Amino acid sequence: MTETTETPQQPKRVLIVMAHPDDGEFGAGGTIARFTAEGADVYYCLVTDGQVGDSGNETITSEELAHVRQDEARAAARALGVRNEVIFLHYWDSRLEPTLELRHDIARVIRQVRPDVVICQDPTTRWSGQGYINHPDHRAAGEATLAAIMPLAGTRLAMPVESAEGLKTHNVKEIYMTGTQVADRWVDISGYLDAKVAALRAHKSQMGDWDPAEGVTRWAEENGNTARKHGHDIKQAEQFKYIKMGD
Ligand SMILES: [Zn+2]
């Protein structure tokens, strides 16, 4: 297994593709804050509006919740230093499938944004440890994003209409996958925990009485422990399955 923790190579442009409005912050909030602080141009693409995550609010409708969660997602992105407008694909929460249509919609965003780095969800994680089943939307969003990167975004005749319209092919260089059980890349997020906590707090409808500060620190240190077991001197980390695409 190839493992790497070298300092991220300060990507110029980053696209985050996630199923739900808070997924990016949980999985990669520290890394996103670090990338923006280092000058990257960062874009969010959220596949659903999180329309079913009512977190115990028994009167809110899905339509109302979609607006609440879109606003929370914008606030969370700003807390991480993201200046670009959040892109919403408006698929329905908890009904996501990695369809050709979804692949195509994500590939259009990739061709428009033209990122060096895509951060998405590991589609191979079905469960982990005891008591955790991965949300099927996470797997679907990850699966569709990988298929959007290869072959759709980079292959002219895979999207002939867009190619003819001038939406040129684009090859993503690096992929970071969150929620993975086969991590091989650790990003040092020391100094970015406060930003991650602030971003999670922006998801007020989801937090209830839970304050993310303790959890964020504990997860970062657990990931740091894993990084050190693999020989890397990092105390607080986020971890990813990493792919560097061939030239
Ligand atoms: Zn989620």
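These lines cover the structure that appears in this document, whether it is placed above or below. (Residues numbered from 1 in each chain as written. Predicted model: local features only at pLDDT ≥ 70, side-chain atom pairs only at ≥ 80, totals over all residues.)

Points about the overall build of the protein chain
Worth spelling out the cut-off: The helix and strand labels rest on DSSP assignments: H or I over at least four residues marks a helix, E over at least two residues marks a strand, and numbering proceeds from the N terminus. For the radius of gyration, the atom set is restricted to C-alpha positions; the globular benchmark scales as 2.2 Å times the number of residues to the power 0.38. With C-beta atoms placed from the backbone, a residue is labelled by how many other C-beta atoms lie within 10 Å of its own: buried for 20 or more, exposed for 12 or fewer, partly exposed between the two.
When its secondary structure is counted, the protein chain shows eight helices and seven strands. The C-alpha radius of gyration computed for the protein chain amounts to 17 Å, which stays within 12% of the reference 18 Å derived for 247 residues, consistent with globular compactness. When the backbone C-alpha atoms are referred to their principal axes, the protein chain occupies close to 50 × 50 × 35 Å. Split into buried and exposed, the 247 residues of the protein chain put 50% on the buried side.

Section: the sheet that holds strand β6 (residues 185-188)
Short version of the rule: In this analysis, strands are considered paired if DSSP registers two or more bridges between them. Each axis is a line fitted through C-alpha atoms, taken for helices only over the stretch in contact, and angles between the N-to-C directions span 0 to 180 degrees. By the convention adopted here, residues are in contact when the distance between their C-beta atoms, placed from the backbone, does not exceed 7 Å.
Spatial ordering of the open sheet is given by β3-β2-β1-β4-β5-β7-β6, a layout of seven strands whose pairing is mixed. Either end of the sheet is taken by a strand with one partner, and the two such strands are β3 (87-91) and β6. Going across the sheet, the axis of each strand differs from the next one's by a mean of 25 degrees, ignoring polarity. With three bridges joining them, strand β1 (residues 13-18) and strand β4 (residues 117-121) adopt parallel strand pairing. In the sheet register, isoleucine 16 faces β4, and the bridge partner there is isoleucine 119. Packing of helix α1 (residues 23-37) onto the sheet brings it into contact with β1, β2 (41-48), β4, β5 (174-178), β6 and β7 (237-244), and relative to β1 it is tilted by some 175 degrees. Contacts from helix α4 (residues 136-153) reach β1, β2, β4 and β5 within the one sheet, and its direction differs from that of β4 by about 150 degrees.

Let's talk about helix α8 (residues 212-229)
Quick reminder of the rule: Multiplying one less than the number of residues by 1.5 Å gives the expected span of a helix. This arc corresponds to the set of directions leading from the helix axis out to the C-beta atoms.
With 18 residues, α8 ought to run about 26 Å at 1.5 Å a step, and its terminal C-alpha atoms sit 26 Å apart, in line with that. Taken together, the buried positions of α8 are Pro212, Val216, Trp219, Ala220, Asn223, Gly224 and Ala227. Along α8, the residues classed as buried sweep out an arc of 140 degrees about the axis, all on the same side. Exposed and facing more than 90 degrees away from the buried side of α8 are Glu214, Arg218, Asn225 and Lys229.

Here's the deal with the pairing of β1
The test is simple: Handedness rule for crossovers: strands pointing away from the viewer, path from the first strand over the helix to the second running clockwise, crossover right-handed.
Most of β1 is tucked away, with five of its six residues classed as buried. Pairing of β1 with β2, which is carried by six bridges, proceeds in the parallel orientation. Within the sheet, the bridge partner assigned to arginine 13 lies in β2 and is aspartate 41. You can see the chain leave β1, run along α1 and come back into β2, and the turn it takes is right-handed.

Here we look at the nonpolar core
Here is the rule: Each nonpolar core consists of buried Ala, Val, Leu, Ile, Met, Phe, Trp, Tyr and Cys residues. Their C-beta atoms, within 7 Å, join them into a set.
Counting residues in hydrophobic clusters, the biggest one holds 69 residues, and the most contacted among them are Leu15, Ile16, Val17 and Ile110. Looking at this core, the element that brings in the most residues is α4, giving nine residues. When neighbours within four sequence positions are excluded, isoleucine 110 is seen to be in contact with Leu15, Pro115, Ala148, Ile149, Ala153, His170 and Val172.

Considering the pairing of β3
Working note: regular strand, side chains alternate between the two faces of the sheet. With three bridges connecting them, β2 and β3 associate as parallel partners. Bridge pairing in β3 links threonine 48 to tyrosine 91. Crossover connection from β2 via helix α2 (residues 62-79) to parallel β3: handedness right-handed.

So, the packing of helix α3 (residues 100-113) against α4
Here is the rule we go by: In a left-handed crossing the near helix is turned counterclockwise from the far helix by less than a right angle, and in a right-handed crossing that turn is clockwise. When residues are sorted by character, Ala, Val, Leu, Ile, Met, Phe, Trp, Tyr, Cys and Pro go into the nonpolar class, Asp, Glu, Lys and Arg into the charged class, and all the rest, Gly among them, into the polar class.
At a minimum axis distance of 8 Å, the contact between α3 and α4 shows a crossing angle of 65 degrees. Handedness of the crossing formed by α3 with α4: right-handed. Of the residues in α4, those touching α3 at Leu102, Arg103, His104, Ile106, Ala107, Ile110 and Arg111 are Ala144, Thr145, Ala147, Ala148, Ile149, Leu152 and Ala153. Looking at side-chain class alone, the contact of α3 with α4 contains 10 nonpolar, two polar and two charged residues.

Topic: unusual backbone geometry
As a rule of thumb, non-glycine residues mostly have phi less than zero, and peptide bonds are mostly trans rather than cis. The step from methionine 150 to proline 151 runs through a cis peptide bond, and the omega angle for that step is 15 degrees. Here proline 151 shows up in helix α4. The residue histidine 90 is not glycine, and still its phi comes out positive at about 60 degrees. Structurally, histidine 90 can be placed in strand β3. A tally of 12 C-beta atoms within 10 Å means that histidine 90 is categorised as exposed. Here the phi dihedral of serine 94 falls at roughly 70 degrees; this positive angle occurs in a residue that is not glycine. By the element assignment, serine 94 lies in the loop between β3 and α3.

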